[in-house]
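# Examination of the molecular architecture
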Amino acid sequence: MAIVGTTIFSHILPVICGFFAIIFIISGSLDDNKPKLGFGIALFIIACIFPYIVLRLLI
């Protein structure tokens, strides 16, 4: 049986972070704002890796 909260870390938080990452990437590339673009790319990578790190610690 899965531990309570694994759905949040595996399905909900990565989607929210990925959504905001795409918004930052698009906004940073259209405005030629390098820090915003870099933050969007970093947030997208974190959203991709986050479930693997957290779920390995929880389960």
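Residues numbered from 1 in each chain as written. Predicted model: local features only at pLDDT ≥ 70, side-chain atom pairs only at ≥ 80, totals over all residues. Heavy atoms only, no water.

## What to know about the overall build of the protein chain
Regarding its fold elements, the protein chain presents two helices and zero strands. Taking the principal axes of its C-alpha atoms as reference, the protein chain extends roughly 45 × 15 × 10 Å. Considering only contacts in the protein chain between residues 6 or more positions apart, those separated by 24 or more positions represent 50%. Summed over all atoms, the accessible surface of the protein chain reaches about 4,500 Å², with 78% contributed by carbon and sulfur. (Helix = DSSP H or I, 4+ residues; strand = E, 2+ residues; numbered from the N terminus. Contact = heavy atoms within 4.5 Å. Areas by Shrake-Rupley, 256 points an atom, 1.4 Å probe, with all protein chains shown as cover.)

## Details of helix H1 (residues 6-30)
With 25 residues, H1 ought to run about 36 Å at 1.5 Å a step, and its terminal C-alpha atoms sit 36 Å apart, in line with that. Where H1 is concerned, the buried positions are Thr6, Pro14, Gly18, Ala21 and Gly28. For H1, the elements touching its buried residues are helix H2 (34-58). Where H1 ends, the next residue or the one after it, Asp32, has phi of about 55 degrees, a positive value. (Expected span 1.5 Å × (residues − 1). Buried < 20%, exposed > 50% of the residue type's maximum accessible area, 1.4 Å probe, protein only.)

## Side note on the side chain of Thr6
One can find Thr6 in helix H1. Owing to a relative accessible area of 11%, Thr6 belongs among the buried residues under this scheme.

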